[in-house]
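# Close look at the chain arrangement
What follows is the residue order along each chain.
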Amino acid sequence: MLVAPASSAVAESKLAPAKVVEAPASAAVIPAPAMPAPVAALPQSLEQDTQEFEDIRGGTASFYGHSLRGARTASGERFNPDELTAAHPSLPFGTQVRVTNAMTGDSVMVRINDRGPFHSNRVIDLSEAAAKEIGIARMGSGKVELAVLSDGSDND
């Protein structure tokens with residue numbers, strides 16, 4: 001830090017207090033706008049918060065992709081590997097199933113539109129898009145947990 005000698009006129013002028021200019025009495029004081037209070041993000045769909053799932057038997061999932069594009073599924077619709085669909089041996093067509101990768105916890109919702117898989121060690125065949133969503137596309141198959149979206153009615 002540099003300090004000028006006290007006898008220096010330059011130093012004295014730098015140490016002199018600054019002049020305070022007051023605003024005229026007629027000048028209005030405008031307060032700064034208040035910051036909005038933070039708002040918690042709302043769920044995309046309130047329905048998602050109220051969805052109930054029933055766990056069903058999990059196991060190994062595989063996927064089928066582009067080679068079957070356009071082929072008719074067991075439900076009659078054309079297969080599209082880019083949609084979030086799946087094949088299950090017994091669930092009704094249109095059933096919404098949450099498929100969770102047992103290793104990573106990543107989940108995807110799929111709609112059952114086909115029958116299969118036709119291998120005893122597999123529980124569900126996913127479209128390629130669904131397999132990518134939960135990270136099993138590179139491996140070709142993976143362990144999954146399944147849960148069916150409940151329709152909310154009690155069947156007791």
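Residues numbered from 1 in each chain as written. Predicted model: local features only at pLDDT ≥ 70, side-chain atom pairs only at ≥ 80, totals over all residues. Heavy atoms only, no water.

## Here we look at the overall build of the protein
For clarity, the threshold we go by: In this description a helix means any DSSP run of H or I spanning at least four residues, a strand means any run of E spanning at least two, and both kinds are numbered starting from the N terminus. Throughout, exposure labels follow a simple rule: accessible area from a 1.4 Å probe, protein chains only, divided by the maximum for the residue type, with under 20% read as buried, over 50% as exposed, and the rest as partly exposed. Note on contacts: a residue pair is in contact if any heavy atoms of the two residues lie within 4.5 Å. For every accessible area listed, the method is Shrake-Rupley and the probe measures 1.4 Å; residues are considered covered only by the protein chains on display.
The helix and strand inventory of the protein stands at three helices and six strands. Counted from the first residue to the last, the protein has its helices and strands arranged as α-α-β-β-β-β-β-α-β. Residue burial in the protein is summarised as follows: out of 156 residues, 28% are buried. A separation of at least 24 residues holds for 69% of the contacts in the protein among residues at least 6 apart in sequence. With an accessible surface of roughly 11300 Å², the protein has 55% of that area assigned to carbon and sulfur atoms.

## Thoughts on the nonpolar core
The test is simple: Residues belong to one nonpolar core when they are buried, are Ala, Val, Leu, Ile, Met, Phe, Trp, Tyr or Cys, and are joined through side-chain atoms within 4.5 Å.
With 19 residues, the main nonpolar core has Val-97, Val-99, Val-110, Ile-124, Leu-126 and Val-144 as its most contacted residues. Of all the secondary-structure elements, those providing two or more residues to this core are strand S3 (96-101), strand S4 (107-114), strand S5 (122-127), helix H3 (128-134) and strand S6 (141-149). When sequence neighbours within four positions are dropped, the list of residues in contact with Val-144 reads Gly-58, Gly-59, Ala-61, Val-99, Thr-100, Asn-101, Ala-102, Val-123, Ile-124 and Ile-134.

## Considerations on the packing of aromatic side chains
Keep this limit in mind: Only the six-membered ring of Trp is used, alongside the rings of Phe and Tyr, when aromatic pairs are assigned; centres must lie within 6.5 Å, and planes under 30 degrees apart are stacked while those over 60 apart are edge-to-face, with the rest tilted. We call a charge positioned above a ring when the Lys NZ or Arg CZ atom is no farther than 6 Å from the ring centre and deviates by at most 35 degrees from the ring normal.
Overall, the coordinates contain one aromatic pair when judged by the stated rule. When the ring of Tyr-64 is compared with that of Phe-79, the centres are 4.6 Å apart and the planes differ by 20°; the resulting orientation is stacked. In this pair, Tyr-64 is assigned in strand S1 (residues 53-64) and Phe-79 in the loop between S1 and strand S2 (85-87), connecting sequence segments 15 residues apart. A relative accessible area of 3% places Phe-79 in the buried class. Positioned above the aromatic ring of Phe-53 is the side chain of Arg-98, whose terminal nitrogen or guanidinium carbon lies 4.1 Å from the ring centre. The positively charged end of Arg-115 is found above the aromatic ring belonging to Phe-93, 4.2 Å away from the centroid.

Treat this as a map of the structure, not an account of what it does.
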